Amino acid sequence: MPMRTTGFRIAKILGIPIYLDASWLLVFGWFTYLLAMNYRQLHPRGTSADHWTLGILTSLLFFGSVLFHELAHSVVARYYKIPVHSITLFIFGGLARIGREPSRPIQEFNIAVAGPLASFFLAGVFGAVMELLPSGQMVGALAGYLFWANASLGAFNLAPGFPLDGGRIFRAIIWGITKDFSRATLIAGSSGKVVAYALMGIGGYWVFYKNDWSSGLWLGVIGLYLLNAAQQSIVQMTIRDALAGLHASDVMSHEVPTIDGHITLEEYGAEVLRTGRRCHLVLSGDRLVGMMNVHTLNAVPRSEWSNNSVQAAMIPRDKIQWTSPEEPLLRLLERLLNADINQMPVVSGATDEAPQIVGIVTRDSILRVMQTHSELASQLSGK
Ligand SMILES: [Zn+2]
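Keep in mind that what you see is a predicted model, and the values were worked out from it rather than measured.

## Quick look at the coordination of the zinc ion
Listed as protein donors to the zinc ion are His 69 (NE2), His 73 (NE2), Asp 165 (OD) and Asp 165 (OD); their distances from the metal cover 2.0 to 2.6 Å. Coordination at the zinc ion is irregular: its 4 donor atoms span angles of 54 to 149 degrees at the metal. Sequence positions of the residues that donate to the zinc ion give the spacing H-x3-H-x91-D. With His 69 and His 73 both in helix H2 (residues 48-79), this residue pair falls 4 residues apart, about one helical turn. On the accessibility criterion, His 69 (3% relative accessible area) is buried. Note on His 73: relative accessible area 8%, which makes it buried.

This is the structure:
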């Protein structure tokens, strides 16, 4: 499911909002410190202010390099009319959030390859600066770091494990050959797990055999992050497969319990306990005025249940989110999760005049479909 954008918004470039995750500040401080210490060793005759200024400048330029890499992905995505929602810089680098999956393998290939190419281009620029300046100068040392950082950024991202760029390139190639997007995602996701375990293995080797704790732990943490991301992409694909072709009408319950808005919360609680139904539409006379459920009930302190009516605590009619029988289940699930709600009434008849409530869809009913699908799938494949 799509992650929500977090962090502070720091700029807008080419119309794309740029966010800075709080974790980035940590890395920024740490890099700046390491660099300043390094510059001090390399150029002991410079002042402390020189070392720190150069450290900050290098970190900022590195930050700009990561941003450049993400912008390269974004520009190609836009070329294919895929909207780019945001770019977030966080502890492991950058993340461009694009509006949808590319619709053809060649698009995915080009979007993915643009990032590493941009990094290699910057490595070339800083490499040239490094060659032009005498090696003793501090600016030469700065260019040297950024050459190395951009070259590593490009190379690391080419590792063939999803969700790294290399993994996306790999997926695009399999997708192009097999014409099967979900199979390609599963294969690239599995190779992502292999890359993740390899990184953790190398990290462990550095810690235990080379006594290099900081690099080893860093690799281990990146490995863990990638493992999690690869697993998530496999889960997402499984969900997508399970819900493909299904709509709200397939899982909705046709029975929609109603309740009178004037009863107290105490009485509502008793009704829930008696019937086991967790969600009701609230009526005032014949009129629909809102929706009430256990979640909303629990938000009111127990001691106030007897003094408050359902109508005072319910979700008012204009705040209710609706679905239609035709809404694809995958999109409906995303909406439920994004809004953090458990159920949505289903309304039929698009005309505003006579909308008719025909049922209700709950998160549980969608999860049941996914569970049944995975049980059947494992039986069919003989596992
Ligand atoms: Zn990238």
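Let us keep going from here.
## Structural notes on the sheet that holds strand S3 (residues 84-90)
Taking strand neighbours across the sheet as the criterion, the 4 strands line up as S1-S2-S3-S4 in an open arrangement whose pairing is mixed. With one partner strand each, in any of the chains shown, strand S1 (8-13) and strand S4 (93-98) form the two edges of the open sheet. For this sheet, the mean inter-axis angle between neighbouring strands, taken without regard to orientation, is 25 degrees. With 5 bridges connecting them, S1 and strand S2 (residues 16-20) associate as antiparallel partners.

## Remarks on H2
With 32 residues, H2 extends 46 Å from end C-alpha to end C-alpha; this agrees with the ideal 46 Å at 1.5 Å per step. Looking one or two residues past H2, Lys 81 carries a phi angle of roughly 65 degrees, positive in sign.

## As for the packing of H2 against helix H3 (residues 105-132)
Each pair of packed helices gets described by two things: the angle between the helix axes and the distance between those axes. Closest axis-to-axis distance for the H2/H3 pair is 8 Å, and the angle between their directions is 140 degrees. Of the two elements, H2 crosses H3, and the hand of that crossing is right-handed. Across the interface between the two elements, Ser 65, Phe 68, His 69, Ala 72, His 73, Val 76 and Ala 77 from H2 touch Asn 110, Ile 111, Ala 112, Ala 114, Gly 115, Pro 116, Ala 118, Ser 119, Phe 121, Leu 122 and Phe 126 from H3.

## Some thoughts on the environment of Glu 131
Locating Glu 131 in the fold gives a position in helix H3. When its relative accessible area of 63% is taken as the criterion, Glu 131 is described as exposed. Linking Glu 131 and Thr 32, residues 99 residues apart in sequence, is a C-alpha distance of 24 Å.

Basis of the calculations
- Residues numbered from 1 in each chain as written.
- Predicted model: local features only at pLDDT ≥ 70, side-chain atom pairs only at ≥ 80, totals over all residues.
- Heavy atoms only, no water.
- Donors = N, O, S within 2.8 Å, 3.2 Å for Na, K, Ca; no water.
- Tetrahedral: all angles 85-135°; square planar, octahedral: opposite > 155°, others 65-115°.
- Helix = DSSP H or I, 4+ residues; strand = E, 2+ residues; numbered from the N terminus.
- Buried < 20%, exposed > 50% of the residue type's maximum accessible area, 1.4 Å probe, protein only.
- Pairing = 2+ DSSP bridges.
- Axes fitted to C-alpha atoms, helices over the stretch in contact; angles between N-to-C directions.
- Expected span 1.5 Å × (residues − 1).
- Left-handed = near helix turned anticlockwise from the far one by under 90°.
- Contact = heavy atoms within 4.5 Å.

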